[in-house]
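Analysis of the macromolecular model
Residue strings, one per chain:
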Amino acid sequence: MLIDYFLLAINSISHRKLRSWLTVIGIIIGVAAIISLITASRSLENTIEQQFEQFGANRILVSAKGFQGPGTLAQGLTNDDVETIEKISGFKYVTTGLFRTAEIKQNKETGFTLVAGIPAEDFEQFFIDAGIELQEGRYIKENEKFVALIGSRVSEEMFSKKLVIGNKIEINKNEFKIVGILEEIGNAQDDNQINIPLEAAREVFNEPEKVDTIIAQVKSADDIPSLQKRIEKELERKRGDTNFQVLTATQILEQINQVLGVLQIFLVGIAAISLIVGAIGIMNSMYTSVLERTKDIGIMKAIGARNSDILKIFLIESGLIGLVGGVFGTALGTAMALIIGSFSKNSGFLLIIKIEPLVLLFGLGFAFFVGVISGILPAIQASKLKPVDALRYE
């Protein structure tokens, strides 16, 4: 019997192809928008999480309050704070970072990018622990000064001619020799960054004491909570103030995920509006179908069809319209997410799009559910028609 209901529903849809497809398009647009946004936002969350796990899983980051990351000035941290943290046991090493945007020249061309100063003796260990490999060349060695380790995009895109090992560039009118080029990391800021020894950075930027961030690499991840508290306690005691923040990669990731979660809800909410429009389209189409088939309903009831049978026929029909829209919408949404991933890569951020089967099933199920819900009122109206009135309808 249920198969007969499906055949009747399919037959009805196929007899009004244009109207059915116009109705389906509304569902396709809504489902595609939701699937693409959910897939892209979840992929962004996973990509950021992977990068944080790679870069800072066993690291504690100390910065002045208000420091928003490389490229912004931090006030309050100095070499004395570095020495205070170095005296705490439990760290593999403690290194510092000084970040400034600078003018970069090569021959007669000029560019601007972020320059990071890191102690020369920490370069190799720092980048190995961060999982960042060399594309070519070598790391900066201890006691080297006017040498540079550049990001992949600096090498390939900053100037008209590709930068290679041995080329020289000027940073704020100081000449540096390129000794290494890093593999592509996947975000524009890091791939456009130039890394130089801290001693050279202090001279180039005239910053003999300031520190933007202190990076403490712990020996064991289990010790992170206790070491974080010790750093806070020692810095507060030594400085006499709390004008600093001590964060772990996990805490930073939680803050980012909170923002992404709110953004995801907001975007999906906007996309859901188009799905509501599609649901109204299904309802309108089903009401029209009820009017067109009033006499058919009367005939079915006259030969023994119950109200529940009529209700099922129309609910299956509206559900099928929603399901067809869900199939095409899910496919389109997946394609849109992959296109977003491709565009993000071209713009400098490597967004790894991950297609999740549960998200696709959600799209299909949700579309079917919306179709069924949209068809309830028209189906009820159809089921309540009296055989005599239906047969008399013209």
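Right above here is the structure, for reference.
Helix and strand counts for the protein chain come out as 13 helices and 10 strands. For the C-alpha atoms alone, the extent of the protein chain along its principal axes is close to 100 × 50 × 30 Å. Taking all 394 residues of the protein chain together, 45% fall into the buried category. Of the contacts made within the protein chain by residues no fewer than 6 positions apart, 80% connect residues no fewer than 24 positions apart. In the form shown here, the protein chain has an accessible surface area of approximately 20000 Å², with 59% of it arising from carbon and sulfur atoms. Each charge class in the protein chain can be summarised by its mean position, and for the 39 positive and 45 negative side chains these summaries are 7 Å apart.

The next point concerns the packing of helix H3 (residues 79-86) against helix H8 (residues 224-239). Where H3 contacts H8, the axes come no closer than 10 Å and their chain directions differ by 135 degrees. Taken as axis vectors, H3 and H8 run oblique relative to one another. Between H3 and H8 lies a crossing of right-handed hand. Contacts between H3 and H8 involve Asp-81, Thr-84 and Ile-85 on the former and, on the latter, Ile-231, Glu-234, Leu-235, Lys-238 and Arg-239. Of the residues in the contact of H3 with H8, the class split is three nonpolar, one polar and four charged.

The next subject is the side chain of Gln-228. With respect to the helices and strands, the residue Gln-228 is situated in helix H8. For Gln-228, a relative accessible area of 10% translates into the label buried. Among the polar contacts listed, one links the side chain of Gln-228 to the backbone oxygen of Val-246, at a separation of 2.9 Å.

Where strand S4 (residues 134-137) and strand S7 (residues 174-182) come together, three bridges link them in antiparallel fashion. The residue bridging Leu-134 from the neighbouring strand is Leu-182, located in S7. Here four bridges tie strand S5 (residues 147-150) to S7, and the two strands are oriented parallel to one another. What sits directly across from Val-147, in S7, is Lys-177. Strand direction decides the pairing type here: strand S6 (residues 168-171) and S7, joined by four bridges, are antiparallel. Residue pairing across strands places Glu-170 opposite Glu-175, the latter belonging to S7. With antiparallel pairing between neighbouring strands as the criterion, S6 and S7 make up a hairpin whose turn holds two residues, including Asn-172 at a positive phi of roughly 50 degrees.

Right, let's talk about the environment of Gln-251 for a bit. Note that Gln-251 resides in helix H9 (residues 249-292). Residue class for Gln-251 comes out partly exposed when judged on its relative accessible area of 28%. Apart from the residues lying within four places of it in its own chain, the contact partners of Gln-251 are Gln-228 and Val-246.

On the surface, Asp-80, Glu-83, Glu-86 and Glu-209 cluster together into a negatively charged patch. The topology assignment puts Glu-209 in the loop between helix H7 (198-204) and strand S9 (213-218). Accessibility expressed as a relative area gives 42% for Glu-209, which makes it partly exposed.

Let us look at helix H10 (residues 294-302). Of the residues making up H10, those classed as buried are Thr-294, Ile-297, Gly-298 and Lys-301. Relative to the axis of H10, the buried residues are bounded by an arc of 100 degrees and lie together on one face. Of the residues one or two after H10, Gly-304 is the one with positive phi, at around 115 degrees.

So, about the packing of aromatic side chains. Under the defined criterion, the tally for this structure stands at six aromatic pairs. Summarising the aromatic geometry, the rings of Phe-362 and Phe-366 are spaced 5.4 Å apart at their centres and angled 10 degrees between planes, so their arrangement reads as stacked. A residue pair is termed a helical-turn pair when its members lie 3 or 4 positions apart in one helix, as Phe-362 and Phe-366 do in helix H12 (residues 357-383) at four residues. Note on Phe-362: relative accessible area 41%, which makes it partly exposed. Taking the relative accessible area as the measure of exposure, Phe-366 reaches 30% and is therefore partly exposed.

We now examine the layout of surface pockets. Each pocket or cavity is described by its volume, and for the second largest pocket that value is around 290 Å³. Thr-96, Pro-119, Ala-120, Glu-121 and Leu-198 are, among the 17 residues lining the second largest pocket, the residues nearest its centre. Counting residues per element, the ones that place at least two in the lining of the second largest pocket are H3, strand S2 (91-106) and H7. Of the residues forming the lining of the second largest pocket, the biggest block, four residues, is contributed by H3. Considering only residue class, the lining of the second largest pocket consists of six nonpolar, four polar and seven charged.

Cut-offs and rules
- Residues numbered from 1 in each chain as written.
- Predicted model: local features only at pLDDT ≥ 70, side-chain atom pairs only at ≥ 80, totals over all residues.
- Heavy atoms only, no water.
- Helix = DSSP H or I, 4+ residues; strand = E, 2+ residues; numbered from the N terminus.
- Buried < 20%, exposed > 50% of the residue type's maximum accessible area, 1.4 Å probe, protein only.
- Contact = heavy atoms within 4.5 Å.
- Areas by Shrake-Rupley, 256 points an atom, 1.4 Å probe, with all protein chains shown as cover.
- Lys, Arg positive; Asp, Glu negative; His and termini not counted.
- Charge placed at Lys NZ, Arg CZ, Asp CG, Glu CD.
- Axes fitted to C-alpha atoms, helices over the stretch in contact; angles between N-to-C directions.
- Parallel < 35°, antiparallel > 145°, perpendicular 65-115°, else oblique.
- Left-handed = near helix turned anticlockwise from the far one by under 90°.
- Nonpolar A, V, L, I, M, F, W, Y, C, P; charged D, E, K, R; others polar.
- Polar contact = N/O pair within 3.5 Å; in protein donor to acceptor, adjacent residues only side chain to side chain.
- Pairing = 2+ DSSP bridges.
- Patch = residues over 30% accessible without salt bridge, like charges linked within 9 Å, V, L, I, M, F, W, Y side chains within 5 Å.
- Salt bridge = Lys/Arg side-chain N within 4 Å of Asp/Glu carboxyl O.
- Arc of directions from axis to C-beta.
- Phe/Tyr/Trp six-rings, centres within 6.5 Å; stacked < 30°, edge-to-face > 60°.
- 1 Å grid on protein atoms, 1.4 Å probe; cavity = no way out; pocket = protein on both sides within 12 Å on 5 of 7 lines; lining within 4 Å.
- Points joined across faces, edges and corners; volume = space filled by probe spheres on them.

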